[in-house]
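Structural characterization, general
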Amino acid sequence: MKKVKLGRTNLNISEVVLGGGWVGGLFIDPTYQIMEKALEISIKSGINWIDTAETYSEGQSEKNIGDLLSALPIKDKLYISSKARLDPKSSESFESQIDRKLDDSLKRLKIDKLDLYQLHNKITINESAETLTPSQVIAKNGVSDSMEKIKEDNRVDHIGLTALGDTKAIR
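Just so we're clear, the structure is a prediction, and the values are computed from it rather than from any experiment.

1. Structural notes on the overall build of the protein chain
- Helix and strand counts for the protein chain come out as six helices and nine strands.
- In summary, the protein chain has a C-alpha radius of gyration of 16 Å against a globular reference of 16 Å for 171 residues, a match within 12%.
- Across its three principal directions, the C-alpha atoms of the protein chain cover 45 × 30 × 30 Å.
- Counting contacts in the protein chain only where the partners sit at least 6 residues apart, residues at least 24 apart contribute 69% of the total.
- When the 25 positive and 26 negative side-chain charges of the protein chain are each reduced to one mean point, those points stand 5 Å apart.

And the structure:
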């Protein structure tokens, strides 16, 4: 399988990534044996990246992936990414939400560090109960600063966003 450099990182990842989300529900609903076989076939095919999120079946995807990956030999190590959706209306700060959600994800995935952790909110020009605005992301002590802190404390190697929302707001 062809590998490509991921953005500005030095990670060379497979062009096909194994997804842990709702589409197909591969790491949410099937039996352990089916999930294990899918992972085995993926690795043999050259896939070296698996992506999930805390919101995929209320963490069940991360838990199942953690169980599977903890049984893999070290030679079959995959890059792992996960995502967090923040609640802009919460009384809890963005930094606190990110810390809590990341720690929960790491526990479910049975790892100490993620290769990539991403913001999973839609970003829009106008604020809403479900979306974040560019100013909430890039303001001092905003989401971006909070994401930088989890990189600095060595719980993630790389940070990003999933680019959901309005193109103008994301740019």
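Next comes the rest of the write-up.
2. Observations regarding helix α2 (residues 60-70)
- Most of α2 sits out of view: eight of its eleven residues are buried.
- Inspection of α2 places S61, E62, N64, I65, G66, D67, L68 and L69 among the buried residues, and these make up the whole buried set.

3. Some points on the layout of surface pockets
- Approximately 400 Å³ is the volume found for the largest pocket.
- Along its surface, the largest pocket is lined by 16 residues, and R8, H158, I159, G160 and L161 are the ones closest to its centre.
- Elements supplying a minimum of two residues to the lining of the largest pocket: β6 (114-119), α5 (143-152) and β8 (156-161).
- Examining the composition of the lining of the largest pocket, we find that five residues originate from one element, α5, more than from any other.
- Residue composition of the lining of the largest pocket, grouped by class: eight nonpolar, five polar and three charged.
- Considered as a void within the structure, the second largest pocket measures approximately 280 Å³ in volume.
- Around the second largest pocket, the lining is made up of 15 residues, and of these L69, K77, L78, I80 and I111 lie nearest the centre.

4. Considering the packing of helix α3 (residues 94-109) against α5
- Contact geometry of α3 with α5 gives a least axis separation of 9 Å together with a crossing angle of 40°. Between α3 and α5, the crossing angle belongs to the class labelled oblique. Considering the relative orientation of α3 and α5, their crossing is right-handed. On α5, the residues that touch F94, E95, I98, D99 and L102 of α3 are V143, S146, M147, K149 and I150.
- Residue classes in the contact of α3 with α5 are distributed as six nonpolar, one polar and three charged.

About the criteria used
- Residues numbered from 1 in each chain as written.
- Predicted model: local features only at pLDDT ≥ 70, side-chain atom pairs only at ≥ 80, totals over all residues.
- Heavy atoms only, no water.
- Helix = DSSP H or I, 4+ residues; strand = E, 2+ residues; numbered from the N terminus.
- Rg over C-alpha atoms; globule rule 2.2 N^0.38 Å.
- Contact = heavy atoms within 4.5 Å.
- Lys, Arg positive; Asp, Glu negative; His and termini not counted.
- Charge placed at Lys NZ, Arg CZ, Asp CG, Glu CD.
- Buried < 20%, exposed > 50% of the residue type's maximum accessible area, 1.4 Å probe, protein only.
- 1 Å grid on protein atoms, 1.4 Å probe; cavity = no way out; pocket = protein on both sides within 12 Å on 5 of 7 lines; lining within 4 Å.
- Points joined across faces, edges and corners; volume = space filled by probe spheres on them.
- Nonpolar A, V, L, I, M, F, W, Y, C, P; charged D, E, K, R; others polar.
- Axes fitted to C-alpha atoms, helices over the stretch in contact; angles between N-to-C directions.
- Parallel < 35°, antiparallel > 145°, perpendicular 65-115°, else oblique.
- Left-handed = near helix turned anticlockwise from the far one by under 90°.

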